[in-house]
Amino acid sequence: MPDPKNSNAVPDAYLHGRELAFIKHQLLEGYLEKLFMIIGMSSTRLGITELCYVDCFAGPWSDDSEDMGSTSIAISLQILDRSRQALGRSGMSLRVRALYIEKDKAAFARLQQFLFSQTPSGIDAEGWPGDFVALREKILNWCGTNAFAFFFIDPTGWKDVGVTMLQPLLQRQRSEFLINFMYDFVSRTASMSEWKEEIALFLGETVDVDDLHGPEREKLLLNTYRKNLKHHLPVEGKWQGRSAHVRVLDRQKERPKYHLVYLTTHPRGTIEFMEISENLDQVQKRVRASTKQHARIAKSGTGELFGPEAFVNAEEGHAGLSEVEAYWLKYLASGERRVGEEAFANLLEDTDWFPGDFQRALGSLINAGKVRNLDATRKRPKKPLHWEKEGERLQLTEGAK
Ligand SMILES: C[S@@+](CC[C@H](N)C(=O)[O-])C[C@H]1O[C@@H](n2cnc3c(N)ncnc32)[C@H](O)[C@@H]1O
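Everything numeric here is computed off the predicted structure, so don't read it as measured data.

What counts and what doesn't
Residues numbered from 1 in each chain as written. Predicted model: local features only at pLDDT ≥ 70, side-chain atom pairs only at ≥ 80, totals over all residues. Heavy atoms only, no water. Buried < 20%, exposed > 50% of the residue type's maximum accessible area, 1.4 Å probe, protein only. Helix = DSSP H or I, 4+ residues; strand = E, 2+ residues; numbered from the N terminus. Arc of directions from axis to C-beta. Salt bridge = Lys/Arg side-chain N within 4 Å of Asp/Glu carboxyl O. Pairing = 2+ DSSP bridges. Near = heavy atom within 4 Å. Polar contact = N/O pair within 3.5 Å; in protein donor to acceptor, adjacent residues only side chain to side chain. Areas by Shrake-Rupley, 256 points an atom, 1.4 Å probe, with all protein chains shown as cover. Nonpolar A, V, L, I, M, F, W, Y, C, P; charged D, E, K, R; others polar. pLDDT = per-residue confidence, 0-100. Contact = heavy atoms within 4.5 Å. Core = buried A, V, L, I, M, F, W, Y, C linked by side-chain atoms within 4.5 Å. Domains from an automatic or database assignment. Buried area = accessible area lost by both parts, 1.4 Å probe. Axes fitted to C-alpha atoms, helices over the stretch in contact; angles between N-to-C directions.

A. Region of interest: helix α5 (residues 132-143). All buried positions along α5 are accounted for by F132, V133, L135, R136, I139, L140, W142 and C143. Summarising the axial view, the buried residues of α5 lie within an arc of 160 degrees, below the 170-degree limit, and thus occupy one face. Pointing more than 90 degrees away from the buried face of α5 are the exposed residues A134, E137 and N141.

Below is the structure:
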């Protein structure tokens, strides 16, 4: 992930209309590498012998360059290569495989050519021509049973990725998903009477959003989709399905374009994903500020005194400090609580707030003498709660009760 403080962080290949793809790819890159390292390092304990990446709508898309540097194909292959090598250095030798599905004939020909000439040694990669929906059963067979599989689901339309369509994949054990929920299209279609049935199939149930607008409409459509996807995830040991998401705004307008919906059964996944989303939130703000500034300059023909940094509001889209403090106080009102991996993931999933929001508010309450971390031996200004492993015990002080 690029330095969030660098305002010129959009590579040339993404300029002029593809800035949102950059956000998407940053998330894929940041999360996938971390995920494969975590799973790879625990593979013996988990009984996993292979790591699989499945790009269900692979492309290439909007990148005519030979190196296809701004496609999920090239990016994923690099991540798989890096992960395999790093795991190998740590003594974990796993088979790493990748599968790319593409329906368009011309795009598929480029995909095949690229895989043939650019697949790093040590990675088993293959491309399949055809329709993702028709290939679902074959994809599952390709994954086998001893592999951990990550499915990247990034279609051009919404109909192929409805809850029912994805159900066979969702039921697979040892899997995670990143799905592009094309909110812009879904929201526009949701009130059209001739599409009501398809939208209900897509969301997994019928919802009435005719009188809802703005954030209320967005929340209902997104959360219905998330809830019903999650419902099909398997129970794995003591873990149940979980979902998180990243909101990606239109390049220039103040409205959401799409959401990247993430599904896992492991609480650690939720926390890692939300930490990466939080960094990405700052990158996204800078990309948008820079895009808008370029448009203003192109229109007016004159430069601007300040760089795009000056137009970034770092707090925008974050929960307010007092709101999160109030949440903590209520959470701890019934007595001392241990907040470990599972509890922290629940907090994130219940609120959709970022890990940093919870840490900042907790730090502020500890400084104000309202909450004690019973397991912290000294002050920790940046990360007052260490949720890792067993987690830590938090308690309200007498003054806060
Ligand atoms: C948004 S693009 C993928 C972009 C790519 N994931 C990336 O990040 O670089 C979607 C691709 O899916 C292909 N496609 C659309 N419908 C499909 C289907 N039903 N099955 C397989 N591929 C499909 C399109 O031809 C297009 O290349």
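B. Broad picture of the pattern of salt bridges. The final tally for this structure, using the stated rule, is 21 salt bridges. Between E272 and K34 there is a salt bridge, and its shortest N-O distance comes to 3.0 Å. Of this pair, E272 sits in helix α10 (residues 267-300) while K34 sits in helix α1 (residues 19-41); the two residues are 238 residues apart in sequence, bridging distant segments of the chain. Between D124 and R95 there is a salt bridge, and its shortest N-O distance comes to 2.9 Å. With a gap of 29 residues between them, D124 in strand β3 (residues 123-129) and R95 in strand β2 (residues 95-102) connect regions that are remote in the sequence. For D124, a relative accessible area of 33% corresponds to the partly exposed category. Salt bridges sharing partners connect three or more residues here, namely E50, R95, R97 and D124.

C. Representation of the pairing of strand β10 (residues 392-396). Across the two faces of β10 the burial differs, with E392, L394 and L396 buried and R393 and Q395 not buried at all. Where strand β8 (residues 337-339) and β10 come together, 3 bridges link them in antiparallel fashion. Bridge pairing in β10 links R337 to L394.

D. Molecular detail of the site of the ligand. In the vicinity of the ligand lie 20 residues, with H25, S72, E102, D131 and F132 positioned nearest. K103 is positioned with one of its backbone polar atoms (N or O) 3.2 Å from a nitrogen atom of the ligand. For the ligand, the protein covers 93% of the area, taking 600 Å² as the surface of the free molecule. In terms of residue class, the shell around the ligand is built from 6 nonpolar, 6 polar and 8 charged.

E. Region of interest: the confidence of the model for the chain. Chain-level statistics for the chain give a pLDDT mean of 92 and a share of 98% at 70 or above. Counting contacts from residues 2-7, a segment whose pLDDT is below 50, to residues more than four positions away or on other chains yields 13 contacts.

F. Quick look at the side chain of D81. As for its placement among the helices and strands, D81 is situated in helix α3 (residues 72-89). Contacts of D81, omitting those with residues within four sequence positions, involve P120, S121 and I123.

G. A look at the nonpolar core. With 74 residues, the main nonpolar core has Y53, F150 and W328 as its most contacted residues. With 11 residues, the top contributor of residues to this core is α1. Domain assignment of the residues forming this core places at least three in each of domain 1 (12-292) and domain 2 (321-400). If sequence neighbours within four positions are ignored, W328 has contacts with V339, L347, F358, A361, L362, L365, L385 and L394. Grouped together as the second largest cluster of nonpolar side chains are 43 residues, F57, L140, V207 and L233 included.

H. Here's a closer look at the domain arrangement of the chain. Domain assignment breaks the chain into domain 1 (12-292) and domain 2 (321-400). Counting from both sides, the interface comprises 16 residues of domain 1 and, opposite them, 15 residues of domain 2. Broken down residue by residue, the surface that domain 1 buries against domain 2 is led by I271, M274 and E278, which jointly contribute 41%. Our enumeration of links across domain 1 and domain 2 arrives at 4 salt bridges. Of the charged contacts in the structure, one is a salt bridge between E349 and K230, with a shortest N-O distance of 2.8 Å. For the side of domain 1 that touches domain 2, the secondary structure elements donating two or more residues are α9 (214-231), β6 (242-249) and α10. Here the side of domain 1 that touches domain 2 gets 9 residues from one element, more than from any other, and that element is α10. In terms of residue class, the side of domain 1 that touches domain 2 is built from 4 nonpolar, 5 polar and 7 charged.

I. Broad picture of the sheet that holds β10. The strand order across the open sheet built from 3 strands is β8-β10-β9, with neighbouring strands paired in antiparallel fashion. Each edge of the open sheet carries a strand with a single partner, namely β8 and β9 (371-373). Going from strand to strand, the sheet's axes swing by 30 degrees on average, the running direction of each strand aside. Against the sheet, helix α11 (residues 321-331) engages β8, β9 and β10, with an angle of about 125 degrees to β8.

J. Representation of the side chain of N228. By the secondary structure assignment, N228 is in helix α9. The class of N228 is buried, set by a relative accessible area of 11%. Apart from residues lying up to four places away in sequence, N228 is in contact with V163, L203, G204 and E205.

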